[in-house]
Amino acid sequence: MRKTWLLDDACIDKRFENLRIKVEDGDMVFPMTAKGSKAIVTGKLDKIQLSLGRTKALLAHKAQQAGESFDANSVTEAMAIYQLVPSGVEIIE
């Protein structure tokens, strides 16, 4: 199943680095001209609690994408991510 991610971790405010907005493919259609635009999104917010192993894997992946080194032993606590499943999106820019 394909999904559309509305946020890119590299371009969002650090306060929201654990927030993802996901749309199932075909549920909503966004014009290509909206790429890079800001939007107002409403919907259901889900907390996804990661295991320690998944937390380490996610942080390792983020470090690899950023070209940074990563020490999995430095991670001692599991983290949560938040996923917004939108019911409405308004492109504002």
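Calculation rules
- Residues numbered from 1 in each chain as written.
- Predicted model: local features only at pLDDT ≥ 70, side-chain atom pairs only at ≥ 80, totals over all residues.
- Heavy atoms only, no water.
- Helix = DSSP H or I, 4+ residues; strand = E, 2+ residues; numbered from the N terminus.
- Buried < 20%, exposed > 50% of the residue type's maximum accessible area, 1.4 Å probe, protein only.
- Contact = heavy atoms within 4.5 Å.
- Pairing = 2+ DSSP bridges.

K.L.:
Run through the overall build of the protein, naming residues and quoting values.
P.N.:
The number of helices and strands found in the protein is 1 helix and 4 strands. Counting from the amino terminus, helix and strand elements in the protein follow one another as β-β-β-α-β. Residues counted as buried form 19% of the 93 residues belonging to the protein. Taking the intrachain contacts of the protein between residues at least 6 apart in sequence as the baseline, contacts between residues at least 24 apart amount to 70%.

K.L.:
Outline the pairing of strand β4 (residues 80-91), supporting the account with residue identities and numerical values.
P.N.:
When a strand is regular, its side chains alternate between the sheet's two faces. Judged from the 3 bridges that link them, strand β2 (residues 19-24) and β4 form a sheet pairing that is parallel. When the sheet's bridge partners are listed, R20 is paired in β4 with Q83. Direction of pairing for strand β3 (residues 39-49) relative to β4: antiparallel, over a ladder of 11 bridges. Residue pairing in the sheet places A39 in a bridge with I91 of β4.

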